[in-house]
Amino acid sequence: MPSRAEEQLLPKAYDFRDVETRWYEEWMKKGLFTATMDRDKPSFSMVIPPPNVTGVLHIGHALNNTLQDILVRYKRMDGYNTLWVPGTDHAGIATQNVVERQLAAEGLTRHDIGREKFIERVWEWKAKSGGRIIEQLKRLGCSCDWSRERFTMDEGLSRAVREVFVRLYEEGLIYRGDYIINWCPRCHTALADIEVDHDLSKGKLWYIRYPVAQEDRDDSGPEYVVVATTRPETMLGDTAVAVNPDDQRYKALVGKHLILPLVNRRIPVIADEHVDPEFGTGAVKVTPAHDFNDFEIARRHDLPFVNIFDVNAKLTEEAGPYKGMDRFEARQKVLEDLEAQGLLDHEEEYDLAAGKCYRCKTVVEPKLSKQWFVKIEPLARPALEAVRQGKTRIVPPGWIRTYEEWMTNIRDWCISRQIWWGHRIPAWTCEKCGHVTVARTAPEKCPECGSRDLVQESDVLDTWFSSALWPFSTLGWPDKTRELEFFYPTSVLITSFDILFFWVARMMMMGLHFMEDVPFYYVYLHALVRDAQGQKMSKSKGNVIDPLTIMDQYGTDAVRFTLAAFAAQGRDIKLSEERIQGYRHFVNKIWNAARLVLMHGSDLKDYEDLVRPERLSSAEKWILSRLERTISKTRTALDEFNFDVAAKGLYQFFWHEYCDWYLELSKPDLSGQNPRRADISRAVALYVLDSSLRLLHPFMPFVTEELWHHLPGKTECIMVSQFPKPRPEHIFQEAEREIELLKTIITGIRNIRAELGIHPGSKVRAVFLPHSEAAGAAIERHQNEIAILARVSETEQIASDRGKPRGAASFITEDVEIFVPLAGLVDISQEMKKLEKERGKVEKELAKVQGKLGNENFLKKAPAEIVKKEKEKKEALEARLEKIQKHFRMLEEAE
RNA sequence: GGGCGGAUAGCUCAGUUGGGAGAGCACCGGCCUUACAAGCCGGGGGUCACAGGUUCAAGCCCUGUUCCGCCUACCA
């Protein structure tokens, strides 16, 4: 039966379900997430990596946003003007795909309904289901300023996009040109280089014979040249064969012609440095329209471009008899035909990295087409410098090199996409004179010829173009807003390393160019969340841990704390349910500790005033001192983005110091007869709980908020309370030493009891032989605690070996020898075995130390401090050994 | 091909100027001790991947080797 006091207080187990929704609503209602712009406070701002509107919260989002929320809650409590800007990304291809699939279910394609209607459909979809992920972020407890939520295609951001495009165009940094680009035949659009994934797959290298043209053949020369290719179908678009200029084997053939099999085109043999004579046969087929290298070779040698693929990667008329075939079908047919004509020399197994569309995994096709590009070098240079000079610091710093590498080898950015959903390129072509006008708003007539017959560019911009502006476009740019003034540059960007190039680098470039300052002072790159075996989570492998499911199961606080505790820099997070379960236990532990403390002190409103050093016991000083160290540790760790260190430190402190020792030590006082003592120990318990809850709040917002309101006298929310500040006057070194000794003594007795198999219910007698006055005094002072925590009935102090009890179990430390005399209960031979083992250990250690001290070089070269330490260690070990031996002899006699 | 990171207890990892090998989980034993069995108490367990080197002293610094990740790249 629970007591009346218990009933009034907290339920026995924490039920997160209603607490989480209740407090989130309360925070929203009170407007606690809303940024203020108070001149007296420093600013702390972040922009969320905008999830795709199509997104569903996955474990990566959970990690990313948990870390951001921890930081922003910490800073908010620590007195900053905090702003965390939330929002979503329109995610061009991804979103278009979703709506196209819906259309397909109705038997329609986007072309059936037309561009305008299609875009309407996408907006409808967005209005209906686009906000899902935002709701999920709220479940996670994210304290974003929802009043400032943005969308990359809302009106303001679209205006920023047009502004940037026009300015870059006017500065000559955006141009349009015919280039070879990566084409996704499924998405029907160009892709930027980094939107193409390369993974190694098994393939073949086919060796094909290209006959030398009749008129160029001489009697001594070869009949054909053998070229190697992984993609035989592209031969239909060949316009040359290249060899290295220094390659003696082919020297005579340069300038002559070959007959391209199957299509019988005459193609020249050319010499180009690019060709590696060591690879394959040293002769390369050149397909200018369908290979990046060949494109470059063709430009150098002025070769024609033969386009053999259409938008679906089906063969065009240029491919003659193969017209209309799919590229892979054509590959088979080409090989068959070559074989039939005896032109297939041989084939080899070969691993190759075929490029795949990062959205749909279709093998991309290099393709020639007219696209818009950003001239990247003038933008990349300052972005590179800013990191080199430390204006923006990348954490962990290992990524700096990768960033530099990429920034120095970067190619122009292809920004046009042949899809419909996105920011339409603000360029209009005059149908009459062909003049292209780039403008912020649609021009009425052609500035060249005055024609009103203008057609807007049908392409849209790469999704990442608008994301690149996110840190300033969300703050109101191009207007000069107060937000920009207050919060730009933002303080920190927290994101996953896999979008370092896609996003971070581009924000750096755009921020520096348009705001003339870095977009953020710190970039913290976190790892990927993997499964317990280190495998990437994927639906097909079935190893996905769904954050929503586990939040339902274990509560949001447990999930958040787990993610933080495993967020070690530079390492992937291997997550398993077991770990989350473990931290749910921690949530429960906090709950129950609070329950105990509140049972005794729910009415003690002035507990903070009662905590005065001069009135405290050593245990109370000790816990304050430990708290103090935990506060500093937590702050430092958070300031350095060591979320794991902060989380684990709090766990260790709260569970293993506050609960295991302080609360246990204070129980006698809490329910004792001395009201003054009881008040103080209640006050300290409350004070430490109060501080701990505030330290834990950024990690576990819900349970801490709930408990906070049960503390006496709390009316405001914990999320706007003060984050604990260092109080050096709460460091008590003397008390720390004393309690550590007490812990050793209690553990020692417990150890003896456990080894002798004494029932926890029965009490023992303990005899102490302290090695110092301080130790003796401490034992004296803490008799009561020892009695309770080690279940000791009576204690006795002796001054020398003479008083030692015969036939006792012992525990020997540097400061004190402990004996538990248990006539009849001690198995003496057992006890001797234990001592023997102990003696072995000490002897071994002693031998090591003696070896060092016997080494002249050590004495000569090691720092005096170290030598001294070793000497002290030797003495301590010798003393200990002597005591063990004495006790051993005594047992022998007793036997 | 280039670059980066990792190898420490059964598992996941920490170990910050080189000077006493640690945590959590798992495991074993004992306890329903009035906050918590989602708990308490106690315990076992490691040639710090391998081979050299520097040093009085190496998990830590240097060289090489093996294995495993990841990023990046235009060898057809």
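For the structure, see preceding data.
About the thresholds
Residues numbered from 1 in each chain as written. Chains lettered and ligands numbered in written order. Predicted model: local features only at pLDDT ≥ 70, side-chain atom pairs only at ≥ 80, totals over all residues. Heavy atoms only, no water. Core = buried A, V, L, I, M, F, W, Y, C linked by side-chain atoms within 4.5 Å. Buried < 20%, exposed > 50% of the residue type's maximum accessible area, 1.4 Å probe, protein only. Helix = DSSP H or I, 4+ residues; strand = E, 2+ residues; numbered from the N terminus. Contact = heavy atoms within 4.5 Å. 1 Å grid on protein atoms, 1.4 Å probe; cavity = no way out; pocket = protein on both sides within 12 Å on 5 of 7 lines; lining within 4 Å. Points joined across faces, edges and corners; volume = space filled by probe spheres on them. Nonpolar A, V, L, I, M, F, W, Y, C, P; charged D, E, K, R; others polar.

## Description of the nonpolar core
Argument step 1. In this structure, Met407, Phe465, Met510, Phe643, Tyr658, Phe699 and Ile749 are the most contacted members of the largest nonpolar core, which totals 199 residues.
Argument step 2. Looking at this core, the element that brings in the most residues is helix 21 (residues 643-670), giving 13 residues.
Argument step 3. Leave out the neighbours within four places in its chain, and phenylalanine 465 touches Val161, Val164, Phe165, Leu168, Ile174, Val374, Trp413, Ile415 and Met510.
Argument step 4. Of all hydrophobic cores here, the second largest spans 31 residues; its members include Val243, Leu260, Ile308 and Ala319.

## Comments concerning the layout of surface pockets
Argument step 1. In this structure, the largest pocket encloses a volume near 2100 Å³.
Argument step 2. Those elements that provide at least two residues to the lining of the largest pocket are helix 3 (59-77), helix 4 (92-105), helix 12 (463-467), strand 22 (490-496) and helix 15 (500-515).
Argument step 3. Partitioned by chemical class, the residues of the lining of the largest pocket number 20 nonpolar, 14 polar and 9 charged.
Argument step 4. Size it by volume and the second largest pocket reaches roughly 1200 Å³.
Argument step 5. Every residue lining the second largest pocket is counted, 45 residues in all, and those nearest its centre are Thr230, Arg231, Asp291, Asn293 and Leu352.
Argument step 6. Elements represented by at least two residues in the lining of the second largest pocket include exactly strand 7 (196-211), strand 8 (224-229), strand 12 (283-286), helix 8 (292-301), helix 9 (327-340), strand 13 (344-357) and strand 14 (365-374).
Argument step 7. Broken down by element, the residue count for the lining of the second largest pocket peaks at 8 residues, all from strand 7.

## What to know about helix 6 (residues 132-139)
Argument step 1. Restricting attention to buried positions, one finds in helix 6 the residues Ile133, Ile134, Gln136, Leu137 and Lys138.
Argument step 2. Structurally, helix 6 contributes buried residues whose contacts are with helix 2 (16-29), helix 3, strand 3 (87-88) and helix 16 (547-554).

## Let's talk about empty space enclosed by the protein
Argument step 1. A full pass over the atoms with the stated rule returns 1 cavity of 30 Å³ or more.
Argument step 2. Of the voids in this model, the largest cavity is the one considered here, and its volume is about 70 Å³.
Argument step 3. Taken together, Ala91, Gly92, Ile93, Glu195, Tyr358, Arg359, Arg417, Ile419, Val460, Leu461, Asp462 and Thr463 make up the full set of residues lining the largest cavity.
Argument step 4. Per-class residue counts for the lining of the largest cavity are 6 nonpolar, 2 polar and 4 charged.

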